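The primary structure of each chain is shown beneath.
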Amino acid sequence: MDEPVKPDNGGQAAEAPYPSPEDPLGQLRGLLLAADHGQVVKLQERLDDPRSRAEDVSRVLTEAIEIRTREDRSLTDSLLPTVEEAIGISVRRHPEVLVDGLFPVMGPAIRKSIASTLADMLESLNQTLGQSFSRQGLKWRLEAWRTGKPFSEVVLLRTLLYRVEQVFLIHRKTGLLLAHVSAGGSGVQDADMVSGMLTAIRDFVRDSFGGAETDALDAFRVGERTVWIEQGPEAILAGVIQGNPPRELRTVLAETIEKIHRDQARALEDFEGDAEPFQACRGDLEACLKSQRQPGGGSAPRSKGARRYRPLFAALALLLAAVGFWAFSTVSRNRKWEAYLERLAAQPGIVVTASGRRGGKFLVTGLRDPLAADPAAMLAPAKLRREDVVASWKPYHALDGELVAARARSVLAAPQTVSLRAENGALLAAGSASRRWIEEARKLARAIPGVARYDDRGVADTDRRKLDLAREKLEATRILFARGSSELAPSETGKLDIAAREIADLPALAAAAGRQIRVEVVGRGDSEGTEDLNVPLSRRRAERVLGVLRANLPDVPLTATGVGSAQPLVPERSEEDRQLNRSVSFRAVVNDLQPPETPR
Amino acid sequence: MIQKKICMLGAFAVGKTSLVSRFVKSLFSDKYHSTVGVKVDKKTVAVGQEQLDLLLWDLYGEDEFQKIRTSYLRGSAGYVLVADGTRRETLDRAVILQNRAEEAIGKVPFVLMVNKADLTDKWELDADALEELAGRGWPAFKTSAKTGAGVEEAFLTLARKMLAG
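Residues numbered from 1 in each chain as written. Chains lettered and ligands numbered in written order. Predicted model: local features only at pLDDT ≥ 70, side-chain atom pairs only at ≥ 80, totals over all residues.

This next bit is on the interface of chain B and chain A. The partner chain A presents 18 residues to the 21 residues of chain B that form the contact. At the level of secondary structure, the elements contributing two or more residues to the side of chain B that touches chain A comprise strand S1 (2-10), strand S2 (38-47) and strand S3 (50-59) of chain B. In the side of chain B that touches chain A, the residues fall into ten nonpolar, four polar and seven charged. (Contact = placed C-beta atoms within 7 Å. Helix = DSSP H or I, 4+ residues; strand = E, 2+ residues; numbered from the N terminus. Nonpolar A, V, L, I, M, F, W, Y, C, P; charged D, E, K, R; others polar.)

Shown next as C-alpha cells:
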C-alpha cells in the first residue's frame, strides 16, 4: 500500500507558499489545513503521474474484469474487435507464433473433426436407408410425387422438429430490410419486398385490431411455417420457422435483437437507407438459424434396437434378394450352357476341347470341320446371347461318314444323278453319269480325306448306254429284196436312208463311250433253192447296200458279207418268214479304245 | 446499395397498378390491394453511379368509401401522387392526398404523375391546371402506363430529390 501521508513542513509541502498577513482567509486556511496540505499535494502528484495511475489500475484490473464478466457479456463484446484485430496483426507479422501455439491442439482437433464428420455420414447413411426402405419412406415418396416437392424436402419436413429457415432484420419505421440470412436449401423470395410487405401487414393488423404503438403482431402461422417477430425500438427481427419451435427459440431471438440494438445503436438511429453497416450483424442472425431433428427420423415410436437395425435388415433383405436373383440367373444360364455344349459335342465335325467361364462370359474352344454346322447359329435355339459367348474354333477334316460324303460331293462336283455315301473308309457312288465324270471321279476320289476306297459300280455310263441303244436300233433294220433279186426295191430306199443316218452317228457315240466301231452289212437268202445260188445272191445283195452306204459314209469302216440261208433271221414257217430272210441286215461291232479300268 | 421507402398515392383507378405492373418488379398479387390495402414492389433506378432500390408501397386507390391508411406512409422518404388526365377530380384528390401525406410524415420529396398521356384527346385537365401546380412547386410529369412515356423520368426525379435530402 501507499506510504502513510505524514504531515510535515518539509519536502513539497514546504514548498507551498505561506499566506501573507494581508490574506486573512488564506491564513485561516493555512492554520486549518496545514496538517493535511502535504497529503493533498501528494495525492495530486499521483493523479498527475500516468505511471502511478497505471500502477493503481493494474492492482485492481483482474478483479474488475472478473466482476464485470460475471455481470454480462459487454466486456467481451467490447474487447472482441480489439482482440480480433490484434490476432490478425499477430498472424500476419509472426505466423510461426500462432502455429507453434496451435500445434499441440491441431492434431486432436482434426481427428475429432474427421471422426465427427464420419459419424454424421454414417448417421445420414442409416437415415437414408431407413427412409428408402421403410413404409414411412415410401409414404414420403408418394407425398413428394403428389405434391411435386423434391423427396429431400419432404424428408426434411417430416424429420425436423423445427428449423429456422430465414431471419429478417427490418428497420421498424420504414420497413426496409437491414440484413437477411437463410438456411441452405430454403426457398427465398425477394427479401426486400418480403420485408416491406411484412411491415405493411403488421401495420395493417395493428390498425385493424387496435392497440398501442408498441403492440404489434409478434407471431403468425402459415401451413407448416411459423413466423416469430421480436420487436426492438428501432428494428424488428423476424424468424421464419419450419415445424414447431420451442419457447427457448423466442429467447434466442429476443436476445439477438437486444444485442443488435446494443451493438448498432448509432447505425439504427442514423439509418437513411444504407444497410451496409448491418452486414456486421449477419453472424448474430446466422446464430438464430437453429434446427432440431426428431429422434429416430420421425418414424413412429418403436423399440430403439428395432429402429436402429430396421434399415440394416431391409438392406440385408435386399442384398439376399439380389444374391438369390443372381444365383438363380447364374444356375439357369449354366444349364443352358451345358445343354449347348452337349449339342455341340453331338454335332459331326465339331470337337470341343475346352470350355469354361471367365469375366461373366462363357468360353469354348475346339476343332470344327468347315462343312460342320455353325456353332454360332446354334446359340439362339439354346437361348444364349452371342455377346455372352467367346468361341475359338480351329479347322480340321472330320472322318464322319456324312461329312466325308459331303466333302467328296464338293471335291468331285458330282452331278445330281449321282449319290455318294461313305462307310468305313469307302466312298460308294451310285446313279448315272457321263463317261468323262466317271473317269475323273476315279482319279480324284483317292485324294479326298477320309476316303480309303472308291466304288462306282453303282454308277451307269450314260454314253455307253446311248451307244448300245443306237446299235440295237440299227441292227433291227431290215432291207428287204424280191425273190432271186439283188436290186433295191423303191419301197426300201427310205429305210436305207434312215439306216445310213444312224450309221453316221455311231462313230461319235462310240468315241464318247471310249470305243471304236465298225459296221458289217450282212446279206441273206431264203431256204428255197440251193446254197450255191443263195450265197452269191446274198453277197450281191450286201454289196448292193454297201455300195449305197459307202457313197454317203466314206469315214465309217464298212464291210459286206453274204451268208446265204445259213443264218436265217427267223425260222421259215410261212412266206412272210421267207421274205424276212431275203434281206440285208447290219451288225455294229464295238471295240474298246483302251482296256477298261477295274472298279475298285 | 441505398434503399428508400416511397408510397404511391392516388384516387381509385388512375392507373397506379398499371404503372407498377409494367415498370417495377412485383412479387405479390394485386389481391393484396383489396385485402391489406397495400402492395410492396421494388424499382431499381440509377442516379449517377449510385444504384437506388425504391421499395414502392402501392396504396389502394382512395375513393369516397375507403381512405388510405396513413400508417403506411410512416417512414417514407418520398411519395408519388398519381392522377388521371382524363378525370379532373383525380387531380383534386391528389391535392387532398398530398396534404394528408404532409400532415402524416412532414415535408418529403414527391412527384406527380398525370397518367394516361396517350389519351390526350380525352383529357379533362388543361394546361392551366398543370401550370398552377407547377407554380406551387409540384414536379408534374405526363405519364403513360401504356407507352411508358414519362415514367422513368418521374421515378428518377424523385430519386434525385430524395438523395439530395
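As a further point, take unusual backbone geometry. Residue and element names in this part refer to chain B. You will see that alanine 13, though not glycine, has its phi angle at about 60 degrees, which is positive. Tracing the backbone shows alanine 13 in the loop between S1 and helix H1 (16-23). The backbone phi angle of lysine 116 is positive, close to 70 degrees, even though this residue is not glycine. With respect to the helices and strands, the residue lysine 116 is situated in the loop between strand S5 (110-115) and helix H4 (127-135). On the basis of neighbour count, lysine 116 is assigned to the buried category, with 23 C-beta atoms found within 10 Å. (Buried ≥ 20, exposed ≤ 12 C-beta atoms within 10 Å, placed from the backbone.)

With that out of the way, let us pick up the sheet that holds strand S9 (residues 389-395) of chain A. To summarise the sheet geometry, strands pair through backbone hydrogen bonds and adopt either a parallel or an antiparallel arrangement. Residue and element names in this part refer to chain A. Strand order across the open sheet formed by three strands is S7-S8-S9, with mixed pairing between neighbours. Where the open sheet ends on each side, the last strands, each with one partner, are strand S7 (350-358) and S9. On average, adjacent strands in this sheet sit at an angle of 15 degrees to one another, irrespective of strand direction. Relative to S9, strand S8 (residues 361-368) runs parallel, the two sharing seven bridges. (Pairing = 2+ DSSP bridges. Axes fitted to C-alpha atoms, helices over the stretch in contact; angles between N-to-C directions.)

Attention shifts here to the sheet that holds strand S13 (residues 479-480) of chain A. Residue and element names in this part refer to chain A. As summarised here, the arrangement of the four strands in space is S13-S16-S14-S15, forming an open sheet in which the pairing is mixed. In this open sheet, the two edge strands, each paired with only one partner strand, are S13 and strand S15 (558-562). Relative to strand S16 (residues 583-592), S13 runs antiparallel, the two being bridged by two bridges. The residue of S16 that forms the bridge with leucine 480 is serine 583. Lying on the sheet, helix H15 (residues 462-475) is in contact with strand S14 (515-523) and S16; it crosses S16 at an angle near 160 degrees. Across the sheet, helix H16 (residues 490-512) touches S13, S14 and S16, and the angle it forms with S14 is around 160 degrees.

This next bit is on the packing of H15(A) against H16(A). Residues and elements named next belong to chain A. Direction vectors running N to C along H15 and H16 enclose 155 degrees, while the axes themselves pass 9 Å from each other. Taken together, the axes of H15 and H16 lie roughly antiparallel to each other. For the pair H15 and H16, the sense of crossing is left-handed. Counted together, Asp463, Lys466, Leu467, Ala470, Lys473 and Leu474 of H15 and Ala499, Glu502, Ile503, Asp505, Leu506, Leu509, Ala510 and Ala512 of H16 form the full contact between these two elements. Looking at the contact of H15 with H16, its residues break down into nine nonpolar, no polar and five charged. (Parallel < 35°, antiparallel > 145°, perpendicular 65-115°, else oblique. Left-handed = near helix turned anticlockwise from the far one by under 90°.)

The next thing to look at is helix H5 (residues 151-164) of chain B. Residue and element names in this part refer to chain B. For H5, with 14 residues, the first-to-last C-alpha span of 20 Å sits near the 20 Å given by 1.5 Å per residue. Among the residues of H5, those classed as buried are Val151, Ala154, Phe155, Leu158, Ala159 and Met162. Along the axis of H5, the buried residues cluster in a sector spanning 135 degrees; they form a single face. (Expected span 1.5 Å × (residues − 1). Arc of directions from axis to C-beta.)

So, on to the pairing of strand S11 (residues 426-433) of chain A. Residue and element names in this part refer to chain A. As paired strands, strand S10 (residues 418-423) and S11 are joined by six bridges and run antiparallel to one another. If you follow alanine 422 over to S11, its bridge partner there is leucine 427. Hairpin connection between S10 and S11: a loop of two residues separates the two successive antiparallel strands, and asparagine 424 in this loop has a positive phi of roughly 50 degrees. Pairing between S11 and strand S12 (residues 453-461): seven bridges, direction parallel. Following the sheet pairing, glycine 431 is matched in S12 by valine 459. Handedness of the S11-helix H14 (residues 435-444)-S12 crossover: right-handed. (Right-handed = clockwise from strand over helix to strand, strands pointing away.)

The next thing to look at is H14(A). Residue and element names in this part refer to chain A. When H14 is considered as a whole, its buried residues turn out to be Trp437, Ile438 and Ala441. Looking straight down H14, one finds that the buried residues subtend no more than 100 degrees of arc, so they occupy a single side. In H14, those exposed residues whose orientation departs by more than 90 degrees from the buried face are Arg436 and Lys443. Taken together, the buried residues of H14 touch helix H13 (401-412), S11 and S12.

For the rest of this paragraph, the subject is the confidence of the model for chain A. Residues and elements named next belong to chain A. Residues with a pLDDT of 70 or more make up 88% of chain A, whose mean pLDDT is 83. Across residues 1-16, where pLDDT falls below 50, the model places 16 contacts with residues more than four positions away in sequence or in other chains. Within the model, pLDDT remains below 50 along residues 298-303, and this stretch shows six contacts once partners closer than five positions in the same chain are excluded. (pLDDT = per-residue confidence, 0-100.)

With that settled, consider the pairing of S5(B). All names here are of chain B. With six of its six residues buried, S5 lies for the most part within the structure. On S5, burial covers both faces: Phe110, Leu112 and Val114 on one face and Val111, Met113 and Asn115 on the other are all buried. Note that strand S4 (residues 78-84) and S5 share six bridges and pair parallel. Bridge assignment links alanine 83 to a residue of S5, and that residue is valine 114. Crossover S4 to S5 through helix H3 (residues 88-105) is right-handed.

As a further point, take the packing of helix H6 (residues 135-147) of chain A against helix H7 (residues 151-159) of chain A. All names here are of chain A. Contact geometry of H6 with H7 gives a least axis separation of 9 Å together with a crossing angle of 120 degrees. Here H7 runs oblique to H6, going by the angle between their axes. Read as a crossing pair, H6 and H7 show a hand that is right-handed. Residues Trp140, Arg141, Glu143 and Ala144 of H6 form the contact with H7, whose own contacting residues are Phe151, Val154, Val155 and Arg158. Residues that form the contact of H6 with H7 fall into these classes: five nonpolar, no polar and three charged.

This part takes up the confidence of the model for chain B. Averaged over chain B, the pLDDT score is 85; the fraction of residues at 70 or greater is 94%. Across the interfaces of the predicted complex, the ipTM metric reaches 0.85, alongside a pTM of 0.45.

What follows is about the environment of A:Pro554. All names here are of chain A. On the secondary structure map, proline 554 appears in the loop between helix H17 (531-552) and S15. Take proline 554: there are 8 C-beta atoms within 10 Å of it, and that puts it in the exposed class. Considered as a pair, proline 554 and alanine 504 are 50 residues apart in the sequence and their alpha carbons are 9.7 Å apart.

Take the nonpolar core next. Counting residues in hydrophobic clusters, the biggest one holds 81 residues, and the most contacted among them are A:Leu169, B:Leu9, B:Trp57, B:Val80, B:Leu81 and B:Leu112. Here B:Trp57 is in contact with A:Gly196, A:Ala200, B:Lys5, B:Cys7, B:Met8, B:Val38, B:Val40 and B:Tyr72, once residues within four sequence places are set aside. Counting 24 residues, the second-largest nonpolar core is a separate cluster that includes A:Ala405, A:Ile448, A:Val451 and A:Val459. (Core = buried A, V, L, I, M, F, W, Y, C linked by C-beta atoms within 7 Å.)

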